[in-house]
Amino acid sequence: MTTFENGNNSFAHPNAAHALNGKQKAAVLMLAIGRDQAAKVLKLLHEDELRDISVAMSSLGVVRAEVVEAVCHEFTKNFESPEGLVGTYETTEDFLRKALPSEQVDKIMDEIRGPAGRTMWDKLGNVQETVLANYLRSEYPQTAAVILSRLQPAHAARILSLLPEDYATDVMMRVLHMETVQREVLDSVESTLRSEFISSLGRSAKRDSYELLAEVFNNFDRKTETRLMEAMDKRNHEDMEKVKALMFTFEDIKRLPHEALMRIVGEIDREKLPLALKGASETVRNMFLQCMSKRAGSILMEEISALGPVRVKDADTAQSEIVATIKNMANAGEIDLTESGGNDEIIP
């Protein structure tokens, strides 16, 4: 029988590797392969993983040779199969159910299936702003300040814009005067988010139905969109207004400020622009011209004229592709589709 010992604990088991948990085994392996090789591995790990292994390593104490040998043997045995390993939601759940109570497995799988991301803060970065803003409304401003201070600035800005002004101001002031957050406080916040927020998103991850229908309408051709929008409006005017508010069409470009449109011009497929503008209003066409040099604008107008008559369907397709690019930019935080350029009049 072999043992694993440190200053506080003593484990004994016929199979020495079973006396250690996963973090301790990883720590033993890092020590066993030496500093140079371990350094290459540690550089590839995430901050949370580094912290866990470091904590385990610092408390190992004396590790007997037979324990090290057993851990290394277990590690190499796991990679003997020429086919390698396959990890999926299903294999993970099956693995967990053989070791843990069903309730605990359900909780873990809910979290895994929640928003993507390796850490809690990665996951929050993938949560829709409106969802996170609604959650923060019920939190203490200090807690909200801690959470927002860990997010990307663009994401935090969009969330703050959705919060009540007084509350948002209070949160921002607390961010300004926040002292170093103690590790135990941050751990407590992460634990609460994991158990009360992320896991519930995993169970109830359902897209907003109004947003879904708005996307559907954005992909209709112009004739179908008009016909079905009128029919929906007659059936329930309030519902249709909510859907329309979430839609973004090519003509909605006229609502955007000049700075946002300048970024858009730099990202879109310029070959699609003449066809898209062929079917656009004079307002939108002139807004694009204002983002170009005089020479580039003249070339664009010549390209539009050279197209001659075009099918509405083709113009709609070109516009849809540009709208898709605009939405991708908005999702990435590069532009804000809620901004208004205050320019709704026709430019002669």
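> Give me the lowdown on the pattern of salt bridges, citing residues and values where you can.
One pass over the full model with this rule turns up five salt bridges. For Lys242, the salt bridge identified is with Glu238, shortest N-O distance 4.0 Å. With Lys242 and Glu238 both in helix α15 (residues 237–246), this residue pair falls four residues apart, about one helical turn. Residue classification places Glu238 among the exposed positions, given a relative accessible area of 53%. The closest approach of N and O atoms between Asp314 and Arg311, which form a salt bridge, is 3.1 Å. Judged by its relative accessible area of 28%, Asp314 falls in the partly exposed class. Exposure remark for Arg311: the relative accessible area of 54% places this residue in the exposed category.

> Break down the nonpolar core for me, citing the residues and quoting the values.
Within soluble globular proteins, side chains that are nonpolar generally end up buried alongside one another. Membership of the largest hydrophobic core comes to 29 residues, with the highest contact counts inside it found for Phe250, Leu277 and Phe288. Those elements that place two or more of their residues in this core are α16 (258–267), α17 (273–278), α18 (282–289), α19 (294–307) and α20 (312–331). Once residues within four sequence positions are removed from consideration, Phe288 is found in contact with Phe250, Ile253, Leu261, Val265, Ile268, Leu273 and Leu277. Residues Tyr135, Ala144, Ala168 and Leu186 belong to the second largest nonpolar core, which totals 22 residues.

Thresholds, definitions, all that
Here the residue numbers are simple positions, counted from 1 along each chain's written sequence. Only residues with pLDDT of at least 70 get local features here, since the model is predicted, and only at 80 or more are side-chain atom pairs given and counted; chain-wide, interface and lining totals rely on the full set of residues. No hydrogens and no water enter the side-chain calculation; it runs on all heavy atoms of the structure. The term salt bridge refers to a side-chain nitrogen of Lys or Arg lying within 4 Å of a carboxyl oxygen of Asp or Glu. The numbering of helices and of strands both runs from the N terminus, where a helix is a DSSP run of H or I of at least 4 residues and a strand a run of E of at least 2. Partly exposed residues are those whose accessible area sits between 20% and 50% of the maximum for their type, while under 20% is buried and over 50% is exposed, using a 1.4 Å probe and protein chains only. In these notes, a set of buried Ala, Val, Leu, Ile, Met, Phe, Trp, Tyr and Cys residues joined through side-chain atoms within 4.5 Å is what counts as a nonpolar core. Should any heavy atoms of two residues lie within 4.5 Å, those residues are considered in contact.

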